[in-house]
Structures are given as structure tokens and as C-alpha cells.
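Architecture at a glance
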Amino acid sequence: MHVMKNEPFTGTFCSECACTMFRRSRANPAVCLSCSHESTHHKPQPISKPVLVIAQELAPGGELFSLLMHGGAIPEPIARHFFAQLLAAIEHCHQREVVHRDIKPENIVFDRHNRLKLVDFGLAACVADKPEGSIERTLAVLHSGVGSKPYSAPEVSYTREMYNATGYKGKPADIWSCAVVLFVMLTGRPPFYRPLLK
């Protein structure tokens, strides 16, 4: 794995999420295909920002999603083994104050030795914006409702409607997504398909 910090990238950044390029929808030209936010949330002129680039090794073992699509549910001992690896990957990220925000079977791949790898940090956020040792450091909240809804914690989608825009904590939301992935591994289907208004 190779990490490059502060690489210049030019795009129309969204103020609501991590989307870096506005792509018009044919059905509704005012909505971005990438992030589903209205064009008013994107900066109108392309600007250049420093971004973090993570180059990971190839995953010849394929992705968890394909395994589930072709084989259905995974036997409990194997699911337990994969889940332990997923939690270790998330713990590694969280110790470095990075929240993934898009944990789902499509973003879990395997190397040639069938070791689990977490990929696609395109929606990830760094929550280490407070000084080391600061009490606020552990209370960092996020406000953009990004991620795949069937795997996202309720507070990610409902942060405005039900929580008075107070935001949500990214680390517990990641753990929720891990639990949903475990459910999918054991049953072959998601526990729910979309958030409900109530």
C-alpha cells in the first residue's frame, strides 16, 4: 500500500459529502449522479484542493459481494473469521482517527491468501481535527449523510430530520455497518433495504 498526502486534485467539491466531481443526472440535471446532492451543494467553479491518495495492492481473491452473490450465506466459522479481520481493519483505521463511512461487501476484497482487505476510502473522513489530549477529540461528529443506505447507521441518514442537525459519531456508525455486513454474511441478505421515514 502506498499513501500520498496533499496531492492536488481539481474538481467541483460538494459541501455536504466527500464527492469531488459533479456529474449531472439525465432524469434530474440539478442532482449529482455521484453523491445524489443538488448542484447547489457543489462549488460552482472547479477548485484545486489537496487530497489523500491511497494506492492499494490488487485483490486477486475477488470481493465479498461476489462471494455472497454466487454462494449465498457463508458458514458461521468462516463468517466469524472474516468478521474478525474486518474489525481489525476498522480498529486500525479508527486508531488513526479515520472513519470509513462506506463499509459494505463491495468494499471488502481478498488477497491471494484469502485475507480480507478494506478498500474504497473515497468517502472516508479524518476526525482528528482537535489537538491531542483534547476532550473534544473523542466527541468529533460528522454531518454529511454519505455511504450506502442499507449498511449505514440510522443517524447517518436522519441527522437532519430527527437529530436537529447535531451530527453523528463516525466510529460507532462504522461499527454498525460492520454488524450489517456480518448479518449479510450469515444470512445472504441485508436486514433492511432502505431507511424508513419513521
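Cut-offs and rules
Residues numbered from 1 in each chain as written. Predicted model: local features only at pLDDT ≥ 70, side-chain atom pairs only at ≥ 80, totals over all residues. Heavy atoms only, no water. 1 Å grid on protein atoms, 1.4 Å probe; cavity = no way out; pocket = protein on both sides within 12 Å on 5 of 7 lines; lining within 4 Å. Points joined across faces, edges and corners; volume = space filled by probe spheres on them. Helix = DSSP H or I, 4+ residues; strand = E, 2+ residues; numbered from the N terminus. Nonpolar A, V, L, I, M, F, W, Y, C, P; charged D, E, K, R; others polar. Salt bridge = Lys/Arg side-chain N within 4 Å of Asp/Glu carboxyl O. Buried < 20%, exposed > 50% of the residue type's maximum accessible area, 1.4 Å probe, protein only. Patch = residues over 30% accessible without salt bridge, like charges linked within 9 Å, V, L, I, M, F, W, Y side chains within 5 Å. Areas by Shrake-Rupley, 256 points an atom, 1.4 Å probe, with all protein chains shown as cover.

1. Comments concerning empty space enclosed by the protein
Applying the stated rule across the entire model yields 2 cavities of 30 Å³ or more. In this model, the largest cavity occupies a volume close to 50 Å³. What lines the largest cavity is simply R101, V146, S152, A153, V156, Y168, G170, A173, D174 and S177. With 4 residues, the single largest contributor to the lining of the largest cavity is helix α4 (residues 170–187). Grouping the amino acids of the lining of the largest cavity by side-chain chemistry returns 5 nonpolar, 3 polar and 2 charged. In this structure, the second largest cavity occupies an estimated 40 Å³ of space. Together, Q56, E57, L58, A59, V109, K117 and V119 line the second largest cavity. Of the residues contributing to the lining of the second largest cavity, the split by class is 4 nonpolar, 1 polar and 2 charged.

2. Observations regarding the pattern of salt bridges
Under the criterion given, the structure shown has 5 salt bridges. Here E57 makes a salt bridge to K117, at a shortest N to O gap of 3.1 Å. Separated by 60 residues along the polypeptide, E57 in the loop between β2 (47–55) and α1 (64–71) and K117 in strand β5 (residues 116–118) bring together distant segments of the chain. Judged by relative accessible area, which is 43%, E57 ranks as partly exposed. Across the salt bridge formed by D102 and K104, the nearest N and O atoms sit 3.8 Å from each other. With respect to burial, D102 and K104 carry one shared label: buried.

3. Thoughts on a nonpolar patch on the surface
Side chains of M1, V3, L52 and I54 sit close together on the surface and give an oily, nonpolar patch of about 390 Å² of accessible area. Within the secondary structure, L52 sits in strand β2. What makes L52 exposed here is its relative accessible area of 52%.

Nothing here speaks to function; it is geometry throughout.
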